[in-house]
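Close look at the chain arrangement
Now for the letters of each chain:
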Amino acid sequence: MPSTLKTIFKFLAPDSEKGRDGRDVWSSRTSFVLAAMGGAVGLGNLLRYPSVVFSNSGVQWFIPYFLALLLLGIPLLLLEISIGLAYRGGPVVAYNAISKHTRGVGFAVTMTGYIVATYYVPILSWVMHYFRSSFQRPLPWTGRGDEFYMQDVVANAAPVPGTVSGGTVTSYTMYPGVGFVGETVGWCAFVWLAVYLCLFKGVGVTGRAVYFTMGLPIIVMFVLMGRSLSLPNAIDGVRLYFAEWHGEKLASGQIWQAACGQIFFSIGVGFGYFTAYASYSSRYSNAVQDTIIISLSNSLYEILAGFAVFGIVGFLGLRPQDNVQLTTFSVGFLTYPLAISETPGANVWAVLFFLTLAFLGLSSAFALTESMVTLLCDSDLGKRLPRVVISTAVIVITFLLSLLYCSRFGFYLLDAMDTWINNLALLFAAWCEGMVCTTLYRHRDVYKQVGWAAFLTYTGCYLMAMVLGVATGHSVGPSAGAGVGFGLFVVGTAISVLVAKTPDSVPPTFWGKNKWLSRFWWVAFYPGNQLTRDLNSVIATGKNWSIPFIWAPVVRYISCPILSIIISFAYPAFFETRMDPLHIFAFAVAHVTMVIVAVGFIFPPAFDVFIPPKRRGNENTAYAPQVTIMGVSDGSAVTETEEARDETKPRLEQQGVGGQQAQ
């Protein structure tokens with residue numbers, strides 16, 4: 001009997017396979033893709049997406065949605081997967097390979113995902129409360145949806161609102177609730193145990209778990225969609241979703257902001273787990289193809305899931321013009337449960353719905369936690385302690401932090417944290433990812449070719465164009481903001497080109513025709529172009545897809561400006577909640593990411609503890625303009641010139657690394 005149990009345990013929780021560099025690797029490409037999809041596909045796909053679409057209903061929604069996917073979601077996802085794959089480490093290790101000054105960006109990304117994990121699991125605790133209640137007949141929320149949700153499940157005491165007089169806060173919001181909600185604490189402990197079982201041994205057990213946590217929700221989603229579309233008047237909801245055209249909405253900034261926000265939050269870039277997961281892939285995996293599969297699968301899932309919810313919308317007769325508002329929580333805990341209670345076989349459909357939410361949330365929860373575990377395993381601590389010990393410590397500490405949201409004011413704290421972590425910290429971390437990779441990567445080549453004055457002028461004016469442009473847009477108007485932003489960028493570009501030295505390394509094709517184009521190319525495109533070439537030397541081997549040359553310019557000049565505009569909306573929104581101490585606290589926590597990034601830029605050694613000694617020393621990277629430099633397993637850099645090729649090849653072969661110079 002013990003041997004049988006041991007065999008079963010080995011099957012469910014196998015040891016991770018090892019790559020030639022000694023790092024854990026996924027058992028198969030399918031495991032990695034499913035795990036990455038599990039991080040991307042979560043509660044936001046089934047709950048947030050329909051609520052956003054409802055406010056912008058009509059087929060015109062898909063124009064900004066797919067543009068945001070193409071220009072924001074896919075480029076940033078490709079960045080996170082590629083650097084994790086090429087540099088074989090979590091976010092801190094990977095960004096240390098970009099530049100020693102960007103270690104803080106990697107740590108900020110990791111912390112953002114970790115903070116979200118602390119309140120994401122308490123939401124799953126509410127889901128589990130509904131799941132347990134789904135076995136009661138009649139369903140306990142029948143005829144009392146609001147009361148069941150707020151009084152029985154959330155069970156928080158109503159706050160006493162703060163007041164503002166003449167623009168000054170006269171009293172702050174009071175939260176009389178004390179103590180914990182017992183059932184929420186119990187389910188929180190249960191879910192964290194499930195998260196632990198999915199990641200405690202590494203990608204070996206995670207690769208097994210994702211077949212269940214992703215496979216079941218995909219199957220059940222189609223079942224729920226079929227049931228929803230068979231309800232009376234479901235067709236009215238489908239027309240609202242997919243058969244009406246409201247072209248005038250495209251002239252409003254609301255639909256564009258909503259589409260960008262949905263793509264960004266839905267895919268899940270900026271949390272660090274894509275980089276962590278990709279670091280466990282085979283070094284020469286097809287990163288570009290995996291990015292396309294993950295991003296399109298994520299969008300396909302939420303678009304199809306939208307039919308399930310809009311069938312319910314039609315059944316209930318909800319219309320946005322009737323001043324009906326749907327939110328993520330109302331869809332999951334009010335609208336859908338209400339519809340289920342009014343249909344035959346209500347208990348069966350309730351069990352299936354909340355079980356789907358639980359599995360979707362579980363896969364996202366252990367993805368969010370994985371980036372922190374990977375951070376510690378990559379550090380010197382990971383060399384002294386086995387992963388199971390690190391995983392146990394992380395889960396216990398995170399559970400204790402999650403208890404804040406299981407309190408009788410936890411619902412309101414969760415709402416505040418979710419608002420400012422998502423709308424500020426997450427966006428800022430992702431903006432930093434795009435900026436540093438296309439600005440600071442191999443910047444030594446740039447300033448040695450064109451001079452410090454040109455490099456700093458162009459980079460400084462580009463940054464200030466985004467900051468002053470959006471600030472002017474809010475204070476004066478969008479047209480004035482665009483004028484200031486573009487004007488400052490154009491002036492800065494002109495000055496940088498004028499003061500630049502003429503480079504002795506000639507840019508490729510069109511850009512090398514004269515000295516002015518050459519100078520402009522070096523300050524505007526070189527870091528991103530060289531990052532593309534260096535990454536391709538690793539991930540584009542064999543028949544793998546290459547990162548297209550247009551990728552880096554899209555990240556720098558489209559994705560980052562879009563993110564800066566979306567970030568700017570957070571500050572006016574905070575002004576409306578400045579009398580709430582929980583929102584003040586959450587707003588301050590969100591700004592910690594900015595402090596972390598600044599500390600990393602000014603004092604890189606502060607993050608040495610998270611980087612193995614052999615991965616440090618990027619400041620010694622060779623000055624090699626337009627020469628492909630490949631990252632290798634030990635984190636050093638290899639310049640594959642004709643003179644060095646014979647010398648470096650044995651070391652590359654010994655470490656299981658190779659590649660070729662991008663052309």
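Every value quoted in this text rests on a predicted model; they were computed, and no experiment measured them.

**Observations concerning the packing of aromatic side chains**
Overall, the coordinates contain 61 aromatic pairs when judged by the stated rule. Between the aromatic rings of Trp 126 and Phe 329, the centroid separation amounts to 5.9 Å while the plane-to-plane angle is 80°, which identifies the pairing as edge-to-face. Remark: Phe 329 occurs in helix α14 (residues 328-341) and Trp 126 occurs in helix α6 (residues 103-133); sequence separation between them is 203 residues. The buried category is assigned to Phe 329, whose relative accessible area is 18%. Aromatic side chains Tyr 130 and Phe 354 sit 4.9 Å apart centroid to centroid with 25° between the ring planes, which places their arrangement in the stacked category. Taken together, the residues Tyr 130 in helix α6 and Phe 354 in helix α15 (residues 346-378) connect sequence positions 224 residues apart. Phe 354 shares its class with Tyr 130; the two are buried.

**Notes on the pairing of strand β4 (residues 168-171)**
When strand β3 (residues 163-165) meets β4, the two strands line up antiparallel, connected through 3 bridges. When the bridges of β4 are listed, Val 164 appears paired with Val 169. Linking β3 back to β4 in an antiparallel pair, the connection comprises 2 residues, with Gly 166 at a positive phi of about 65°.

**Quick word on the packing of helix α18 (residues 410-439) against helix α23 (residues 526-539)**
At a minimum axis separation of 6 Å, α18 and α23 run at an interaxial angle of 90°. The angle between the axes of α18 and α23 places the two elements in the roughly perpendicular class. For the pair α18 and α23, contact is made by Cys 437, Thr 438 and Thr 439 and by Pro 527, Gly 528 and Leu 531, respectively. Across the contact of α18 with α23, the residue classes break down as 3 nonpolar, 3 polar and no charged.

**Section: the layout of surface pockets**
Its boundaries defined by the atoms lining it, the largest pocket holds a volume of some 1,400 Å³. In terms of lining residues, the largest pocket is bounded by 47 residues, among which Arg 48, Phe 265, Thr 328, Asp 418 and Asn 423 are the most central. Within the residue set of the lining of the largest pocket, elements represented by two or more residues are α2 (29-40), α3 (43-55), α6, α11 (253-267), α14, α15, α18 and α25 (570-575). The dominant element in the lining of the largest pocket, judged by the number of residues it contributes, is α18, at 9 residues.

**Focus: empty space enclosed by the protein**
The gaps of empty space that remain are located by a probe, the size of a water molecule, rolled over the atoms. Counting across every chain of the model gives 3 cavities of 30 Å³ or more. In this structure, the largest cavity spans a volume of roughly 70 Å³. Lining the largest cavity, in full, are Leu 224, Arg 227, Ser 228, Leu 231, Ile 312, Tyr 336, Ala 339, Ile 340, Thr 343 and Trp 349. Looking at the lining of the largest cavity, the elements that each hand over two or more residues are α9 (203-229) and α14. Counted by class, the lining of the largest cavity contains 7 nonpolar, 2 polar and 1 charged residues.

**Remarks on the environment of Ser 125**
With respect to the helices and strands, the residue Ser 125 is situated in helix α6. For the pair Ser 125 and Ala 471, spaced 346 residues apart in sequence, the C-alpha to C-alpha distance is 40 Å. What Ser 125 contacts, discounting residues up to four positions off in sequence, is Thr 184, Trp 187 and Cys 188.

**Examining unusual backbone geometry**
Here the amide bond leading from Arg 137 into Pro 138 is cis, since omega sits at -5°, within 30 degrees of zero. Inspection of the secondary structure assignment puts Pro 138 in the loop between α6 and α7 (145-154). Of note, Arg 88 is a non-glycine position whose phi angle comes to about 50°, a positive value. On the secondary structure map, Arg 88 appears in the loop between α4 (62-87) and α5 (91-98). Arg 88 gets classed as buried once you look at its relative accessible area, which sits at 3%.

**Things to note about α15**
Compared with the 48 Å implied by 1.5 Å per residue over 33 residues, the 48 Å span of α15 between its first and last C-alpha is a close match. The largest bend in α15 comes to about 30°, at Glu 370.

**Notes on the pattern of salt bridges**
Side chains carrying opposite charge are able to pair once their charged atoms draw close together. Counted according to the given criterion, the structure contains 10 salt bridges. One salt bridge connects Arg 103 with Asp 608, and the closest N-O pair in it is separated by 2.4 Å. In this pair, Arg 103 is assigned in helix α6 and Asp 608 in the loop between α26 (581-602) and β5 (629-631), connecting sequence segments 505 residues apart. In this structure Asp 608 comes out as partly exposed when scored by relative accessible area, which is 23%.

**Concerning the nonpolar core**
Trp 61, Trp 126, Phe 264 and Phe 274 are the most contacted members of the largest nonpolar core, which totals 202 residues. Once residues lying within four places of it in the same chain are set aside, the contact partners of Phe 274 are Ala 36, Ala 40, Leu 77, Glu 80, Ile 81, Ile 267, Gly 268, Val 269 and Ile 294.

**What to know about the environment of Asn 298**
Within the secondary structure layout, Asn 298 lies in helix α13 (residues 287-316). Exposure remark for Asn 298: the relative accessible area of 1% places this residue in the buried category. The spatial distance from the C-alpha of Asn 298 to the C-alpha of Ile 263 is 9.4 Å, given a sequence separation of 35 residues. Excluding anything up to four places from it in sequence, Asn 298 contacts Ala 40, Val 41, Asn 45, Ser 266 and Ile 267. Side-chain polar atoms of Asn 298 contact the side chain of Asn 45, separated by 2.8 Å.

Conventions adopted
Residues numbered from 1 in each chain as written. Predicted model: local features only at pLDDT ≥ 70, side-chain atom pairs only at ≥ 80, totals over all residues. Heavy atoms only, no water. Phe/Tyr/Trp six-rings, centres within 6.5 Å; stacked < 30°, edge-to-face > 60°. Helix = DSSP H or I, 4+ residues; strand = E, 2+ residues; numbered from the N terminus. Buried < 20%, exposed > 50% of the residue type's maximum accessible area, 1.4 Å probe, protein only. Pairing = 2+ DSSP bridges. Axes fitted to C-alpha atoms, helices over the stretch in contact; angles between N-to-C directions. Parallel < 35°, antiparallel > 145°, perpendicular 65-115°, else oblique. Contact = heavy atoms within 4.5 Å. Nonpolar A, V, L, I, M, F, W, Y, C, P; charged D, E, K, R; others polar. 1 Å grid on protein atoms, 1.4 Å probe; cavity = no way out; pocket = protein on both sides within 12 Å on 5 of 7 lines; lining within 4 Å. Points joined across faces, edges and corners; volume = space filled by probe spheres on them. Expected span 1.5 Å × (residues − 1). Bend = angle between axes of the 7 residues up to and from the residue. Salt bridge = Lys/Arg side-chain N within 4 Å of Asp/Glu carboxyl O. Core = buried A, V, L, I, M, F, W, Y, C linked by side-chain atoms within 4.5 Å. Polar contact = N/O pair within 3.5 Å; in protein donor to acceptor, adjacent residues only side chain to side chain.

What is shown is where atoms sit, not what they do.
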